Amino acid sequence: MSREAKSAESARGAPAIASASSVTHYRTKEVDGVKIFYRETGPKDAPVLLLLHGFPTSSHMFRNLMPALADRYHVIAPDYPGYGQSESPDRAKFNYTFDRYGELVDGLLDQLGVAKYAMYVMDYGAPVGWRLALKHPERISGLIVQNGNAYNEGLKEFWDPIKAYWSDHSDAHRKALYSLVSPETTIFQYTDGVSDTSRVSPDNWIHDQALLDRPGNAEIQMDLFYDYRTNVPLYPAVQAYFRKYQPPTLIVWGKNDKIFPADGAYPYKRDLPEVEFHLIDTGHFVLEDKADEVVPLIRDFLKRKVGTETKRKVAVQ
């Protein structure tokens, strides 16, 4: 590659030359008796970026982002129990809650020797990440928020049937939510609000729906819909964390999302006056059709706010 080509590549915010460090590894660790799958790439002694996925997907949603950051960052993307390649314990023996997910991700990071990290939080990844930030505020070097809620303003009409279930935990309201794990809803999550759906791979909903359709998985999802109610009372504590610690924060939010609409993005400005705020003209899964717009923003933010220098720390096995 010529010097001019390298300069052009660098200007676009992408790594100029792929290296061995950009290879993604697919690993599993047992954390508190549960097998947790995770993807990992980048130099082991580089600054760490933790990627926390949303519903109804898994670390699969970061398959394209990870190589784009691997030249400068040690990137880790776990699957929660019941998602992706992680174990799906029996509901009679395992509590499918956001508290439990936070504990298991925290335990995974401890096993990997990670004591400082930035977080990319999206959808369900936000309440998992907020629990980590509240428990270990000193460990968080920065935040990338993509359609991840922390304010009451972000729970609009889409959430009304789920709130009805919160109100009484009835079988009738639970059954009304089964449509949220249907193929039609999974496709909706990837295509609604997207101006050019030819940029969104159908592999996404084929992958996600196959996992949602596993025996017993729908009941896991219903349990998590009900447990989402526990996130709302945490919002004041999360907002207080923002105000006190002022973590460097980048928002890259799909503004056409009906699940987590832009109403939930604006309030971050109240508590994080230095937030870098970008509304992206797309829907729920920003990385699927707008990676060319978002990845340079992420790389620039991380370079300025988190750094790129490698530091000696506990090696990941």
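Worth saying up front: this structure is predicted, and the values here are computed from it rather than measured. (Residues numbered from 1 in each chain as written. Predicted model: local features only at pLDDT ≥ 70, side-chain atom pairs only at ≥ 80, totals over all residues. Heavy atoms only, no water.)

1. Here's the deal with empty space enclosed by the protein
- Per the counting criterion, the structure on display carries three cavities of 30 Å³ or more.
- Approximately 80 Å³ is the volume found for the largest cavity.
- Considering the residues around the largest cavity, the lining is formed by Phe55, Asp123, Tyr124, Phe158, Trp159, Ile162, Leu180, Gln189, Phe225, Ile259 and Phe260.
- The residue inventory of the lining of the largest cavity, partitioned by class, reads nine nonpolar, one polar and one charged.
- Taken as a whole, the second largest cavity encloses approximately 40 Å³ of empty space.
- What lines the second largest cavity is Pro56, Thr57, Gly82, Tyr83, Gly84, Asp208, Leu211, Leu212, Arg214, Asn217 and Gln221.
- Those elements that provide at least two residues to the lining of the second largest cavity are α8 (203-212) and α9 (217-227). (1 Å grid on protein atoms, 1.4 Å probe; cavity = no way out; pocket = protein on both sides within 12 Å on 5 of 7 lines; lining within 4 Å. Points joined across faces, edges and corners; volume = space filled by probe spheres on them. Nonpolar A, V, L, I, M, F, W, Y, C, P; charged D, E, K, R; others polar. Helix = DSSP H or I, 4+ residues; strand = E, 2+ residues; numbered from the N terminus.)

2. Remarks on the environment of Asn149
- Structurally, Asn149 is set in the loop between β6 (140-145) and α5 (160-168).
- The buried category is assigned to Asn149, whose relative accessible area is 1%.
- Here the alpha-carbon distance between Asn149 and Gly264, two residues 115 residues apart in the chain, equals 6.0 Å.
- Other than its neighbours up to four places away in sequence, Asn149 contacts Ala126, Trp130, Gly154, Leu155, Tyr228, Tyr235, Trp253, Phe260, Gly264 and Tyr268. (Buried < 20%, exposed > 50% of the residue type's maximum accessible area, 1.4 Å probe, protein only. Contact = heavy atoms within 4.5 Å.)

3. Focus on the side chain of Thr97
- On the secondary structure map, Thr97 appears in the loop between β4 (74-78) and α3 (98-111).
- There is a polar contact of 3.0 Å between the side chain of Thr97 and the backbone nitrogen of Arg100.
- When residues no more than four places from it in sequence are discounted, the contact partners of Thr97 are Leu224 and Asp227. (Polar contact = N/O pair within 3.5 Å; in protein donor to acceptor, adjacent residues only side chain to side chain.)

4. Description of the environment of Ile36
- Locating Ile36 in the fold gives a position in strand β2 (residues 34-41).
- When its relative accessible area of 3% is taken as the criterion, Ile36 is described as buried.
- The sequence separation of Ile36 and Gly125 amounts to 89 residues, and the corresponding C-alpha distance is 15 Å.
- Among residues more than four places away in sequence, those in contact with Ile36 are Arg27, Thr28, Lys29, Val31, Pro78, Asp79, Pro81, Ser86, Leu104 and Leu108.

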